[in-house]
Amino acid sequence: MKSMIFLFFLLLVFGCNSDTPVQNNSDISTSFTLSNTSGVSETIFHSGESFDMHFVLHNFSGTDLIYNYTGYEVMFQIEQEDSIIASSIDGLGFYLNIMSGKVKDGESFTSNWRAPNTVTQDPKIILPVGTYKARVLHKNFFNNYQVPATKEILFSIVPP
């Protein structure tokens, strides 16, 4: 119990910085795309086929930006109607350590997932024919900068 209280305290200390206002900075941009496993951008895939989700955050703010996170930095999700069908963290375990990373000025942070399965997923998911929504979720990366939201992508699974 003491360790949970300590963890909560650390999250408050590192996650909240009330002295510095949050800025909407147009020099921080994001992109989210889907592609086939050959790297060609697509939104129609065959049932049983894998595909790639790509998230990129570009930092041209004029300063190096440090972020803190626990477990994972970015999570990809596949949804259908109101249900989450698969995510990039399914079946994975994480330590509850507070870690940090840095996106230097002029550089980019990238994250990718070969959907719809994780390496530990068993049995493997085969998406049936239908329409789905792909989303990327990221925690508030930086204390002082608002990261632009990424739009969800509608995609279809067709018969093989």
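Because the structure is a prediction, the values reported are computed rather than measured.

The rules behind these values
- Within every chain, residues take consecutive numbers counted from 1 along the sequence as written.
- In keeping with the predicted nature of the model, local features appear solely for residues at pLDDT of at least 70, side-chain atom pairs appear and are counted solely at 80 or more, and the whole-chain, interface and lining totals rest on all residues.
- Derived side-chain values reflect all non-hydrogen atoms in the structure, with water molecules and hydrogen atoms excluded from consideration.
- Two strands pair if DSSP finds at least two bridges between them.
- Runs of H or I in DSSP of at least four residues are treated as helices and runs of E of at least two as strands, each being numbered from the N terminus.
- Fitted lines through C-alpha atoms give the axes, limited to the stretch in contact for helices. The angle between two N-to-C directions lies from 0 to 180 degrees.
- What is meant by a nonpolar core is a set of buried Ala, Val, Leu, Ile, Met, Phe, Trp, Tyr and Cys residues, joined one to another through side-chain atoms within 4.5 Å.
- When accessible area is computed with a 1.4 Å probe and restricted to protein chains, residues below 20% of their type maximum are described as buried, those above 50% as exposed, and intermediate ones as partly exposed.

Peer 1: Report on the sheet that holds strand β4 (residues 51–59), specifying residues and quantitative values.
Peer 2: The strands making up a sheet associate through hydrogen bonds between their backbones, and the pairing can be parallel or antiparallel. Strand order in this open sheet of three strands is β2-β4-β9, and the pairing throughout is antiparallel. On the outer flanks of this sheet lie β2 (28–35) and β9 (108–115), each paired with one strand and no other. Within this sheet the neighbouring strands show an average axis-to-axis angle of 10 degrees, counted without direction.

Peer 1: Account for unusual backbone geometry, naming residues and giving values.
Peer 2: Trans is the prevailing form of peptide bonds, just as negative phi is the prevailing case for residues other than glycine. Cis geometry marks the peptide bond from A115 to P116; its omega dihedral reads 5 degrees. Here P116 is to be found in the loop between β9 and β10 (130–138). Omega for the peptide link from D122 to P123 comes to 5 degrees, which places this bond in the cis form. Locating P123 in the fold gives a position in the loop between β9 and β10. Unusually for a residue other than glycine, E81 sits at a positive phi of about 55 degrees. As for its placement among the helices and strands, E81 is situated in the loop between β6 (74–80) and β7 (83–87).

Peer 1: Give me the nonpolar core: which residues, what numbers.
Peer 2: Among the nonpolar cores identified, the biggest contains 30 residues, and M53, L57, I78, F142 and F155 are the most heavily contacted of them. Broken down by secondary-structure element, the contributors of at least two residues to this core are β2, β4, β5 (65–70), β6, β9, β10 and β12 (153–158). Here the element with the most residues in this core is β4; it accounts for four residues.

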